[in-house]
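Observations on chain architecture
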Amino acid sequence: RKKWNRMVGVLRELEEGCGTEIGRLRQVVDAMAVEMHAGLASEGGSKLKMLLTYIDTLPDGCEEGVYYSLDLGGTNFRVLRVHLGGQRSMILNKKVNRQPIPLELMTGTSEELFDFIALTLKQLVQSESSESEFRLDERMVLGVTFSFPVKQASASSGTLIKWTKGFDIEDMVGKDFAESLQHALINRGLNLRVAALIRDISTSASSVHLSAPYPQPPYSSSVNDTVGTLALGHYDDEDTVAAVIIGTGTNACYVERIDAIIKCQGLLTNSGGMGFEKMISGMYLGDIVRRVLLRMALESDIFGVATSKLSVPFALRTPLMVTMHEDESPDLREVARIFKEVFQISDVPLKVRKLVVRVCDVITRRAARLAAAGIVGILKKIGRDGSSGIAGGRSKSGGESTSKMKRTVVAVEGSLYSNYTMFRDYLHEAVSEILGEEIAPYVVLKESKDGSGIGAALLAASYSSVR
Ligand code: ADP
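Rules of the game
Residues numbered from 1 in each chain as written. Predicted model: local features only at pLDDT ≥ 70, side-chain atom pairs only at ≥ 80, totals over all residues. Heavy atoms only, no water. Helix = DSSP H or I, 4+ residues; strand = E, 2+ residues; numbered from the N terminus. Buried < 20%, exposed > 50% of the residue type's maximum accessible area, 1.4 Å probe, protein only. Areas by Shrake-Rupley, 256 points an atom, 1.4 Å probe, with all protein chains shown as cover. Polar contact = N/O pair within 3.5 Å; in protein donor to acceptor, adjacent residues only side chain to side chain. Contact = heavy atoms within 4.5 Å. Expected span 1.5 Å × (residues − 1). Arc of directions from axis to C-beta. Axes fitted to C-alpha atoms, helices over the stretch in contact; angles between N-to-C directions. Parallel < 35°, antiparallel > 145°, perpendicular 65-115°, else oblique. Left-handed = near helix turned anticlockwise from the far one by under 90°. Near = heavy atom within 4 Å. Nonpolar A, V, L, I, M, F, W, Y, C, P; charged D, E, K, R; others polar. Phe/Tyr/Trp six-rings, centres within 6.5 Å; stacked < 30°, edge-to-face > 60°. Lys NZ or Arg CZ within 6 Å of the ring centre and 35° of its normal. Core = buried A, V, L, I, M, F, W, Y, C linked by side-chain atoms within 4.5 Å. Pairing = 2+ DSSP bridges.

Turning to the overall build of the chain, a few remarks are in order. Helix and strand content of the chain: 14 helices and 13 strands. Of all 467 residues assigned to the chain, the portion counted as buried reaches 55%. Only carbon and sulfur atoms are counted for the fraction: they give 52% of the accessible area of the chain, which is about 20400 Å².

In structure tokens:
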């Protein structure tokens, strides 16, 4: 009885600490908009990193023809070809070739890596040439997603700051990625132009990266992914103004006005580390639950901690936490199974299993509601939340009032949103709650799939058509 009461005590404390009542969420919305404002002002102006994408043209649906994209962002890389039909959402044909990067190429020379990439692209191009009238010597356009720290300085250049994710090709650091790739393509006889997806500083799109500086999730989706998601979203629906990915990590990107980037130079905030991403993303949720369970175990001595794996960091992966949360069997069989398999704890009483599900619910609900507040924060920053958007860098007359609220679409991608129904439901509920019933119907969250691959090809298309 005493042990039980202690466990319930921990749960109550958790529920209180994880409270996300509407007033608190509104504070997060405001803080997000303010931090975005400060982050735009200067590098290091806020812990919220606001990275410019150098993209000022989004696909509008009129793109036509065959385009390629290359997605290099981790241990896998993908090349993709899309045939666009010239009408919104008309993708006539799509072919993807995905493969792991051979280990020795990840630490070899840049020449070897780029030649391997060029060769893979050549195979994709040639596979088409044999199928249709397209020829190898025809001028083709390539969009590139390169998910490593890159310093973008102009329309066609991005120098590699450092390698991450197991890559270590020294001769590439400080060099221009697009240029090296272009060389390799020419050497392989490919008339494939690396499209300038990046422009000079006077752009109208910028992106935010919602994470505290350290530690980064090792395989987080990159900012680039969100740009692809935004491009695909805009291709499908021109009212799309932002894209959010909630996967291993959390990040977002949105369309900003150039004057808002310049206007707020000089502002600095010092709000300290927020750790926002860490309360939301797949990388962390399972481990937060594990920590709560460990605390319960320590306080009540119910699981016999000493012999269990409860104290092993990241022992509980997020998908398993989700399985426990979604366990609908009357005796919570899955919870019992996971406790046994993951923590080596057997014979968990049913009422304790119920408590565990409750912990998963509290953590997930908080995550989803905070993510919702982050999304509304972005909308507020661009004056699409129905308020007049004081933090939006808008001119006084420029703010959107309730009466002229525009339809606003946010493209959302990532496993948490796409594969975790309760997370999605909580998120939708909170977005509506924050916006209120008058504004909520104008804001549409649209699930997006594979934005990073298709999006880069679409950007290549829209860029080549305006040049
Ligand atoms: P990325 O690594 O590009 O962000 P995803 O969007 O697939 O890729 O996100 C992967 C993250 O989602 C992992 O942290 C994983 O723990 C979590 N995850 C995977 N499957 C599920 C699921 N069914 N429900 C909730 N989270 C999941």
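With that settled, consider the side chain of Arg-369. Positionally, Arg-369 belongs in helix H11 (residues 350-381). A distance of 2.8 Å separates polar atoms of two side chains, one belonging to Arg-369 and the other to Thr-20. If sequence neighbours within four positions are ignored, Arg-369 has contacts with Thr-20, Glu-21, Ile-22, Leu-25, Tyr-426, Glu-429, Ala-430 and Glu-433.

Here the focus is the side chain of Ser-308. Of note, Ser-308 is situated in the loop between helix H8 (282-300) and helix H9 (318-325). Side-chain polar atoms of Ser-308 contact the backbone nitrogen of Leu-310, separated by 3.0 Å. Residues within four places of Ser-308 in sequence aside, it is in contact with Phe-343 and Ile-345.

Turning next to helix H1 (residues 2-17). Under the 1.5 Å per step criterion, the end-to-end length of H1 is 23 Å for 16 residues, consistent within 8% with the ideal 22 Å. Among the residues making up H1, those that are buried are Trp-4, Met-7, Val-8, Val-10, Leu-11 and Leu-14. Buried residues of H1 fall within an arc of 150° about the axis and therefore sit on the same side. In H1, those exposed residues whose orientation departs by more than 90 degrees from the buried face are Lys-2, Glu-16 and Gly-17.

Relative to the 21 Å expected for 15 residues at 1.5 Å per residue, helix H13 (residues 421-435) spans 21 Å between its end C-alpha atoms, a close match to the ideal helical length. Those residues of H13 not exposed but buried are Phe-423, Arg-424, Tyr-426, Leu-427, Ala-430, Val-431, Ile-434 and Leu-435. The arc enclosing the buried residues of H13, seen along the axis, measures out at 165°, which places them on a common side. Considering only its buried residues, H13 is in contact with helix H2 (22-41), strand E10 (240-246), H11, helix H12 (415-419) and strand E13 (443-447). Just downstream of H13, Gly-436 is the residue with a positive phi angle, here 85°.

Let us now look at the packing of H9 against H11. Two numbers describe how H9 lies on H11: the axes approach to 9 Å, and their chain directions differ by 120°. On the basis of their axis angle, the class for H9 and H11 is oblique. Considering how the two elements wind past one another, H9 and H11 form a crossing that is left-handed. Between H9 and H11, the residues in contact are Met-321, Met-324 and His-325 and Val-356, Val-357, Cys-360, Asp-361 and Thr-364, respectively.

Further remarks concern the site of the ligand. Residues in contact with the ligand amount to 14 residues; listed here are only the nearest, Thr-248, Gly-282, Pro-319, Gly-414 and Ser-415. The contact in question runs from an oxygen atom of the ligand to an N or O atom on the backbone of Gly-282, over 3.4 Å. Between an oxygen atom of the ligand and a side-chain N or O atom of Ser-415, the distance comes to 2.7 Å. Relative to its unbound accessible area of 570 Å², the ligand is 68% covered by the protein chains. Elements that contribute at least two residues to the shell around the ligand include exactly H8, H9 and H12. For the shell around the ligand, the class distribution of residues is 6 nonpolar, 8 polar and no charged.

To describe a pair of aromatic rings, one takes the distance between the centres and the angle between the planes. Counted according to the given criterion, the structure contains 5 aromatic pairs. Ring geometry for Phe-339 and Phe-343: centres 5.2 Å apart, planes at 75°, overall edge-to-face. Here Phe-339 pairs with Phe-343, and both are found in helix H10 (residues 333-343), just 4 residues apart, close to one helical turn. Taking the relative accessible area as the measure of exposure, Phe-343 reaches 0% and is therefore buried. Aromatic pair Tyr-420 and Phe-423: ring centres 6.2 Å apart, planes at 25°, arrangement stacked. Taking the relative accessible area as the measure of exposure, Phe-423 reaches 0% and is therefore buried. One cation-aromatic arrangement involves Lys-351 over Trp-4; the distance from NZ or CZ to the ring centre is 4.3 Å. In this structure, Arg-424 is placed above the aromatic ring of Tyr-417, and the distance from its NZ or CZ to the ring centre is 5.8 Å.

Turning to unusual backbone geometry, a few remarks are in order. Working note: non-glycine residues mostly have negative phi, and peptide bonds are mostly trans. You will see that Gln-344, though not glycine, has its phi angle at about 55°, which is positive. Overall, Gln-344 belongs to the partly exposed group, its relative accessible area being 47%. Residues other than glycine seldom take positive phi values, yet Asp-347 does so here, at roughly 55°. Note that Asp-347 resides in the loop between H10 and H11. Exposure remark for Asp-347: the relative accessible area of 73% places this residue in the exposed category.

This part is about the nonpolar core. Grouped together as the largest cluster of nonpolar side chains are 83 residues, with contacts concentrated most on Phe-339, Phe-423 and Leu-427. A total of 18 residues in this core trace back to one element, the largest contributor, which is H11. In contact with Phe-339, other than residues within four places in its own chain, are Leu-293, Phe-303, Met-324, Gln-344, Ile-345, Val-348 and Val-356. Counting 35 residues, the second-largest nonpolar core is a separate cluster that includes Ile-101, Leu-105, Ala-184 and Leu-190.

Attention shifts here to the sheet that holds strand E2 (residues 64-72). With mixed pairing, 5 strands are arranged side by side in an open sheet as E4-E3-E2-E5-E8. Taken across any chain shown, the strands that pair with only one partner, and hence form the sheet edges, are strand E4 (91-100) and strand E8 (192-194). Looking at each pair of strands side by side, their axes are set apart by 25° on average, direction ignored. Taken together, the 9 bridges between E2 and strand E3 (residues 76-85) define a ladder with antiparallel strand orientation. Looking across to E3, one finds that Leu-72 is bridged to Phe-77. In the packing of helix H5 (residues 177-187) onto the sheet, contacts are made with E2, strand E5 (140-146) and E8, and the angle to E8 comes to roughly 175°.

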